[in-house]
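# Coordinate analysis (summary)
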Amino acid sequence: MPIIKTTDGIEIFYKDWGAGQPIVFSHGWPLSADDWDTQMLFFLSKGFRVIAHDRRGHGRSTQTGDGHDMDHYADDLAALTAHLDLKNAIHVGHSTGGGEVVRYLARHGEDRVAKAAIMSAVPPLMVKTADNPGGLPKDVFDDLQAQLAANRSQFYRDVPAGPFYGFNRPGAKPSEALIQNWWRQGMMGGAKAHYDGIVAFSQTDFTEDLKKITVPVLVMHGDDDQIVPYADSAPLSAKLLKNGTLKTYKGFPHGMPTTEAAIINAELLAFIKS
């Protein structure tokens, strides 16, 4: 399998298909590079080189017990881009992956990057604090950790069957295949990585990171996102970015890159070509 080894000895699995301008995809919690299959096949067919990795502790990468924080996630992404010597790359991040992309750009610079897009992404900050009164109470995330620790398999069934794809909404038509694929990806990863990852995606403050970024960034978010609530995420990130564009999708769920792939892919392509 194609892997790179990080400076702290972690093996990171990645896919690298095609040629042309590179698009690098960073996946959401607790999934893997496989969550980008639809996007990778689409952009490969449009003449791009498509790359996606499994975050440390996720998918086929090392199930390490530590390093599950945004700095390590960003450093691993930087190691991958350096290993592949990517230039003029487009970085696309979904959910936790959006935070990974933002931290990577702020921490490692933009020399290798042309543009970025963050979808249903966790920045600027998910948890409620004195400075972020619109955030979610910390006990929401404590409960996620408790559910994971008690019965991870059931938890990873309930999330995609309900709020992740909006299958709990009236009139929704749940896809058993999508639910099972989400469960499969989640159960491939390590429980410790996923447990710690809840803190990483909910308590990391990306405010200063967003202010440092100068490349064009497309901020894409559904207004019916039940995982990362819209009002306290996308509009705030777009305002903090020097060159951010906000695109709001009425009624779209958190997992919109999958459930609304045709629309998301077309708009992402238009942004890349603009």
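Data block above holds the structure.
Notes on the structure follow. Along each chain, numbering runs from 1 in the same order as the chain's sequence is written. Per-residue local features are limited, in this predicted model, to residues with pLDDT of at least 70; the limit for side-chain atom pairs, both in listing and counting, is 80 or more; totals at the level of whole chains, interfaces and linings are taken over all residues. Only hydrogens and water are removed before side-chain values are computed, so all heavy atoms of the structure are retained for them.

### Section: the packing of helix α5 (residues 152-161) against helix α6 (residues 176-188)
One can describe the packing of α5 onto α6 by two numbers: an axis separation of 9 Å at closest approach and a directional angle of 140 degrees. The angle between the axes of α5 and α6 places the two elements in the oblique class. Two packed elements cross with a definite hand, and for α5 against α6 that hand is right-handed. Between α5, through Arg152, Ser153, Tyr156, Arg157, Val159, Pro160 and Ala161, and α6, the contact on the second element is made entirely by Glu176, Ile179, Gln180, Trp182, Trp183, Gly186 and Met187. When residue character is reported, Ala, Val, Leu, Ile, Met, Phe, Trp, Tyr, Cys and Pro are called nonpolar, Asp, Glu, Lys and Arg charged, and the others, Gly included, polar. For the contact of α5 with α6, the residue count by class is eight nonpolar, three polar and three charged. Only the stretch in contact is used when a helix axis is fitted, and all axes are lines through C-alpha atoms; the angle between N-to-C directions ranges over 0 to 180 degrees. The way it works is that DSSP assigns letters per residue, a run of H or I at least four long becomes a helix, a run of E at least two long becomes a strand, and they are numbered from the N terminus. Reported orientations rely on four angle classes, namely roughly parallel under 35 degrees, roughly antiparallel over 145, roughly perpendicular from 65 to 115, and oblique for the rest. Take the far helix as the reference: if the near one is turned anticlockwise from it by less than a right angle, the crossing is left-handed, and if turned clockwise, right-handed. Contact criterion: two residues are considered in contact whenever any of their non-hydrogen atoms come within 4.5 Å of each other.

### Focus on the side chain of His221
Topologically, His221 is positioned in strand β7 (residues 217-222). Sequence-distant contacts of His221, defined by excluding residues within four places in its chain, comprise Ser120, Ala121, Val228, Pro229, Tyr230, Ser233, Ala234, Lys247, Thr248, Tyr249 and Met256.

### Focus on the pattern of salt bridges
Put simply, a salt bridge is a Lys or Arg side-chain nitrogen that is within 4 Å of an Asp or Glu carboxyl oxygen. In the structure shown here, the tally under the stated rule is 21 salt bridges. Arg103 is the partner of Asp71 in a salt bridge, and the nearest nitrogen-oxygen pair spans 2.6 Å. Residue Asp71 is found in helix α2 (residues 70-83), and its partner Arg103 is found in helix α3 (residues 96-108); the two are separated by 32 residues along the sequence. By relative accessible area, which is 27% here, Asp71 ends up partly exposed. Among the salt bridges present, the one from Lys138 reaches Asp142, with a minimum N-O distance of 3.0 Å. With Lys138 and Asp142 both in helix α4 (residues 138-150), this residue pair falls four residues apart, about one helical turn. Each residue's exposure class comes from its accessible area (1.4 Å probe, protein chains only) as a fraction of the maximum for that residue type: buried when under 20%, exposed when over 50%, partly exposed otherwise. Take Asp142: its relative accessible area is 32%, and that puts it in the partly exposed class. Where salt bridges share partners, they join Lys15, Asp34, Asp37, Asp54, Arg60 and Arg184 into one cluster.

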